[in-house]
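# Reading the structure
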Amino acid sequence: MAEISIRNVAKRFGDFTALHSIDLTVEDQEFMVLLGASGCGKTTLLRIIAGLETPSQGEVWIGGRRVDHLPPRQRGIAMVFQNYAIFPHLTVFENIAFGLRMQKLPQAEIDRRVTRTAELMHIGQLLKRYSGQLSGGQRQRVAVARALAMEPDVILMDEPLSNLDALLRLEMRAELKGVLAESKTTTIYVTHDQVEAMSLADRIAVMNQGRIVQAAEPIEVYRNPAARFVGSFIGNPPMNFLPARKADNGSWQVAGVRFDGPQAEREEIAFAIRPEDLHPAEDGLPAKVRVVEPLGPHVLATCEVEGHLFRAVLDSDIRLRRGDTVKLAPMPQRIRWFDPESEESLQPHR
Amino acid sequence: MTTATATAAATAADIRRPARLLFAATIVLLCAWVLAPIYLLTVNALSSPDQVNAFPKSFVPGFEMGSITFFLQFGGVLRALFNSILVAGITMVLAIGLGAPAGYALSRFEFRGKGTFRIMVLMTRAFPLPLLALPLAVMFIRTGLDDTAIGLAIVHTTLALPFAVLITFSLFSGIPVELEEAAWTLGCTRLQAFYKVVLPLVLPGIAASAVFAFVISWNEVFAAAVLTIENRTLTAFLLQNLDVSPLHLKFAGGAVLVVPALIFIFAVRKYLFAMWGIANR
C-alpha cells in the first residue's frame, strides 16, 4: 500500500518560487500524471517526492510514513530519468541488478528478478551488453526494467519518453501502461505531452507556474477545465475563448448571439467552446474563414469571430473557402464559462 | 565568366599555399625544437665516452650501456633516485587526495566564491617559487621539515595541486549527475554512489592526473635543491654533481631524468587536454 500525500509543499530557489503550496494526494496503485509546460515546477515536485530536492516547506507522506527528511534510498521509490541514467560501466544485467545488490538479496533471487523484468521489457537478449551498445529505445527499456526490478511501492518517471522518436514513443507508451498496470505500483509520471498524459493517466494534475490548477480524470480535465489555462493548454487545437457581455435575465451576448450562462456579478465573462463541439447552423456565431486545412476525417478551419481567433473542427464534407463567413453553432451542453480575472471556471462541476 | 572564376580560384590557391607552407614549417620547427635535444641526449647517453668526445659527432648511437651503468653505480645516485620516487609518490597521493575532492566539489555544488576559487587555484602558479624559497627554508628549518621527503613533497604538492583540481573538476563534470541520483534512488548513500558509480568512470582520468602530479614533482629542481641537503632528489643531486662530471656522464644523467617523465606524460596526454575543456580524442 503506497498512498502518496503531498501537504503544503513549496520550493523556493532564492527569489524565485518554483512551487507554491502544493497539496496533492495520489491513491494506492493510481497512475498520476503531472502535466504542464516546461518551467511549471512539475519536475521539481517529482524530485521533491524522490528526495533529490528538499522542499522549502511542507510534508511528503508515502504509504502513511512521513518521508521528506529521509534520503531517496529510504523512501521505497524507484525513478526513471529523462536521459535514462544507465550506468555505462556495467552490463545491462548489472544495471538491472544494481538496486537488488544494494539490498543484499541472494544471488538466486537477483537472477530471478532480473530475468523476469528483462523478459517483461523484451530485453532478455541484451543482458550482456553495455549501454554504449544499445539504442535509445533499448536504454529506456533498461531504465524501466531497473526500476521495476526493485518492486517498489512507488515509481517516479521524469519525461521518460521524451528522448525517443515519435513512432517508438507511441509503442513504448502502450507498453508502459500495460506493464505498470500489472506491477500494481503507484506511479507519478511527469510529461509536457498532453496526448501522453491523456492516454496514460488515471488522473492528471495540470500544473501552471508552480501551482496545481486541476487534478482530475483525463476526460474531466478535457471536458470541464477548472481554469482557462487548462482549456487553452489541453486539446489540439485548444479551446476557443470569446468575450461574453451581460444581457437580461441571466443570458449572455456572444458575438451578437445570446446564450444561457451562469449567474455572475460581472459585466463581461469569457465564453469557451472546444473546436470539435461546433457545427454549421443558421443561429450560430458568425465566423470569417482565414485558413482551411483538410485533415482527412475532418477539416480544421481557422476563423475570426469579432476579431478573435476561433478554430473549428468540422466534417470534411463541408465545403469551405478562405474569406467565407460561416455560422457556427456550439453544442449547448459543451459551452464553458470563465471568470475574466480569476480565470476560474464559472460552471459548477458535476 | 569561367576564366574569371578560374583565376579567382587560382589566386585563392596561391594565397593558401604559402599559408600552408608556413603552417607546416612551424610544426616542423616546433617538433625539432623538442625532439632534437632528446635525440642528441639519447644518442650520447647510449655511446661510449670516446664517441661522445669525438669529432665529428656520430648521429647513430653506439649502443654502449657503459655510461649509464657507470652513472647508476656512481655514489649516491640510487639513493637520490629513491628519494625522487619517494617524494613524487607522496606528492601524487597528497595532490590527488586533496585535489580530487576539491574538483568534485567544484563540479557538483554551487557555492559562494566558486568562480574566484577556480581563478585562485590557477593564480597559485603565477607566484614565483624563488621568491618563496628563503622564507620557506627558514620556516622548514624551524619546524624541522627541512631535508625530509615529506617536507619537499608538501612543496611539490602545492605545485601539483592546481592541475589536480582542474583535471579532476573536468573529469567529474563529464559524469552526468543523474547517474549519481539514480544510484541514490537505487539504495546508495552519497558515498556508496561515489564508489560504485562515479569512481569506476573517472578512475582512468584520476590515474592520469596522479601520474601528472608525479611528473611535476619528479621534474622539480629549485625547491629540491634549496630544501634538501642530505636527502637530495635526483634533480637536485644532478644539479650539484654533474657540473663537475665528464660529458658522457652528464648525458647519461640527463637521459635518466628525462626519459621517465616523457613516457609518463605521453601516457596521460589526452587527459591533460581535458583539463582545458578540449574534448578527449
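For clarity, every value in this text was computed on a predicted model and none was experimentally measured.

Okay, unusual backbone geometry next. Residues and elements named next belong to chain A. Here the residue pair asparagine 236 and proline 237 is connected by a cis peptide bond, since its omega of 0° sits within 30 degrees of zero. Considering the arrangement of structural elements, one finds proline 237 in the loop between helix 8 (228-233) and strand 11 (240-246). For alanine 85, which is not glycine, the phi torsion reads 55° and is therefore positive. Counting through the fold element by element, alanine 85 comes out in the loop between strand 6 (77-80) and helix 2 (92-102). For glutamate 151, which is not glycine, the phi torsion reads 45° and is therefore positive. When you line up the elements, glutamate 151 lands in the loop between helix 4 (136-149) and strand 7 (154-158). Given a relative accessible area of 40%, glutamate 151 falls into the partly exposed group.

Another aspect to go through is the side chain of B:Thr168. Mapped onto the fold, B:Thr168 is located in helix 7 (residues 149-173). Apart from the residues lying within four places of it in its own chain, the contact partners of B:Thr168 are B:Gly99, B:Ala100, B:Gly103, B:Ile206 and B:Ser209.

The figure often quoted for interface size is the accessible area lost as the parts come together. Residues and elements named next belong to chain B. Domain annotation of chain B identifies domain 1 (2-45) and domain 2 (75-275). Computed over C-alpha atoms only, the centres of domain 1 and domain 2 are separated by 36 Å. Both sides together, the interface formed by domain 1 and domain 2 hides about 460 Å², and carbon and sulfur atoms give 89% of it. Taken together, the links from domain 1 to domain 2 amount to zero salt bridges. Applying the counting rule to domain 1 against domain 2 returns zero residue pairs in polar contact (both at pLDDT 80 or more). Of the residues in the side of domain 1 that touches domain 2, the class split is three nonpolar, one polar and no charged.

Moving on to the nonpolar core. With 128 residues, the main nonpolar core has A:Phe87, A:Ile96, A:Phe98, A:Ile123 and A:Leu156 as its most contacted residues. If we ignore the near neighbours within four places in the chain, the residues touching A:Phe98 are A:Phe87, A:Leu90, B:Ala183, B:Leu186, B:Cys188, B:Lys196 and B:Val197. In terms of nonpolar packing, the next biggest core, distinct from the first, is built from 27 residues, A:Val299, A:Ala301, A:Phe310 and A:Ile335 among them.

What follows covers the pairing of strand 11 of chain A. All names here are of chain A. Of all seven residues making up strand 11, five are buried, and the element is well covered by its neighbours. Relative to strand 14 (residues 268-273), strand 11 runs antiparallel, the two sharing six bridges. Bridging across to strand 14, phenylalanine 241 finds its partner in alanine 272. Pairing of strand 11 with strand 12 (residues 251-254), which is carried by two bridges, proceeds in the antiparallel orientation. The residue of strand 12 that forms the bridge with arginine 245 is glutamine 253. What sits between the antiparallel neighbours strand 11 and strand 12 is a turn of four residues, in which asparagine 249 has the positive phi angle 25°.

Rules used throughout
- Residues numbered from 1 in each chain as written.
- Chains lettered and ligands numbered in written order.
- Predicted model: local features only at pLDDT ≥ 70, side-chain atom pairs only at ≥ 80, totals over all residues.
- Heavy atoms only, no water.
- Helix = DSSP H or I, 4+ residues; strand = E, 2+ residues; numbered from the N terminus.
- Buried < 20%, exposed > 50% of the residue type's maximum accessible area, 1.4 Å probe, protein only.
- Contact = heavy atoms within 4.5 Å.
- Domains from an automatic or database assignment.
- Buried area = accessible area lost by both parts, 1.4 Å probe.
- Salt bridge = Lys/Arg side-chain N within 4 Å of Asp/Glu carboxyl O.
- Polar contact = N/O pair within 3.5 Å; in protein donor to acceptor, adjacent residues only side chain to side chain.
- Nonpolar A, V, L, I, M, F, W, Y, C, P; charged D, E, K, R; others polar.
- Core = buried A, V, L, I, M, F, W, Y, C linked by side-chain atoms within 4.5 Å.
- Pairing = 2+ DSSP bridges.

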